[in-house]
Amino acid sequence: QVQLVESGGGLVQAGGSLRLSCAASGSIHSINSVGWYRQAPGKQRELVAIITSDSITNYADSVKGRFTISRDNVKNTVYLQMNSLKPEDTAVYYCNADITTVRFVRRYDYWGQGTQVTVSS
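Every chain is numbered on its own, with residues counted from 1 as its sequence reads. Owing to the predicted nature of the model, reporting of local features is limited to residues with pLDDT of at least 70; listing and counting of side-chain atom pairs is limited to 80 or more, with chain, interface and lining totals taken over all residues. With hydrogens and water set aside, each side-chain value is computed from the structure's full complement of heavy atoms.

Trainee: If you had to explain the overall build of the protein to someone new, which residues and values would you point to?
Mentor: The helix and strand inventory of the protein stands at 0 helices and 11 strands. The helix and strand sequence of the protein, counted from the amino end, reads β-β-β-β-β-β-β-β-β-β-β. Computed over C-alpha atoms, the radius of gyration of the protein comes to 14 Å, within 12% of the 14 Å expected from 2.2 N^0.38 for 121 residues, which places it in the range of a compact globule. Structurally, the protein occupies a C-alpha span of about 50 × 25 × 25 Å along its principal axes. Every one of the 121 residues in the protein was classed for burial, and the buried ones make up 43%. Put simply, of all contacts in the protein between residues at least 6 apart along the chain, 55% involve residues at least 24 apart. Treating the 12 positive side-chain charges of the protein as one cloud and the 9 negative ones as another, the clouds have centres 2 Å apart. Counting from the N terminus, the helices are the DSSP runs of H or I reaching at least four residues and the strands are the DSSP runs of E reaching at least two. The reference for a compact globule is 2.2 Å times residues^0.38; the radius of gyration itself is calculated from the C-alpha atoms. Here's how the labels work: a residue is buried when its accessible area is under 20% of the maximum for its type, exposed when over 50%, partly exposed in between, all with a 1.4 Å probe on protein chains only. Contacts: residue pairs with any heavy atoms within 4.5 Å of one another. Counting rule applied: Lys, Arg positive; Asp, Glu negative; His and chain ends not counted. Here the site of a charge means atom NZ of a Lys, CZ of an Arg, CG of an Asp or CD of a Glu.

See below:
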């Protein structure tokens, strides 16, 4: 069993910062790539940032220069530091992980439950 738990969401004023965490636990052999996604009301889920096992990162154009994704392989945790937040960043943020279990089964579809980020103007 593998679980992903997000935390760190909340209400912040425009221009503020939040740091989201995605903690993985369970029968994990290795965590490959991890992505942060977000879904605003009435919109499709979109990829915000992704980090590979080698810590190569990629970002959506809308968050480049404001968000930073990082990982702590000892803690099995991936972070999303969000600075200069805008009202349009308001969404539920989800993490998605590509994980190989201790039985060497690799799956790409582990998702957390989501954490709400609300940015007021």
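Trainee: Account for the sheet that holds strand β1 (residues 2-7), with residues named and values stated.
Mentor: Judged by pairing direction, the sheet is antiparallel, and its 4 strands sit side by side in the order β1-β3-β8-β7 without closing on themselves. Taken across any chain shown, the strands that pair with only one partner, and hence form the sheet edges, are β1 and β7 (67-72). With direction set aside, neighbouring strand axes in the sheet form an average angle of 15°. Only strands that DSSP links by at least two bridges are regarded as paired with each other. Relative to strand β3 (residues 18-26), β1 runs antiparallel, the two being bridged by 6 bridges. Bridged to V2 within β3 is G26. An axis is simply a line fitted to the C-alpha atoms; with a helix, the fit covers only the stretch in contact. Between two such axes, the angle follows the N-to-C directions and lies from 0 to 180 degrees.

Trainee: Provide a residue-level description of the nonpolar core, including the pertinent values.
Mentor: Counting residues in each nonpolar core, the largest one holds 32 residues, and the members touching the most others are W36, L80, M82, Y93 and I99. Top contributing element to this core by residue count: strand β9 (residues 91-101), with 5 residues. What makes a nonpolar core is a set of buried Ala, Val, Leu, Ile, Met, Phe, Trp, Tyr and Cys residues whose side-chain atoms join them at distances within 4.5 Å.

Trainee: Can you tell me about the environment of I99, naming the residues and giving the values?
Mentor: In this structure, I99 sits in strand β9. The class of I99 is buried, set by a relative accessible area of 0%. Considered as a pair, I99 and G9 are 90 residues apart in the sequence and their alpha carbons are 24 Å apart. If we ignore the near neighbours within four places in the chain, the residues touching I99 are V2, L4, A24, I28, S30, I31, N32, V105, R106, R107 and Y110.

Trainee: An account of the pattern of salt bridges is needed here, citing residue identities and associated values.
Mentor: Side chains that differ in sign of charge can pair as their charged atoms come close. Definition used for salt bridges: Asp or Glu carboxyl oxygen within 4 Å of a side-chain nitrogen of Lys or Arg. The full count for this structure, using the stated rule, is 6 salt bridges. Across the salt bridge formed by R38 and E46, the nearest N and O atoms sit 2.7 Å from each other. Given the relative accessible area of 36%, E46 is considered partly exposed. Two residues, R38 and D89, come together in a salt bridge whose shortest N-O distance is 2.9 Å. Highlighted residues: R38 in strand β4 (residues 28-39) and D89 in the loop between β8 (77-82) and β9, separated in sequence by 51 residues. Both residues of the pair, R38 and D89, belong to the buried class. Through salt bridges with shared partners, a single network forms among R38, E46, R66 and D89.

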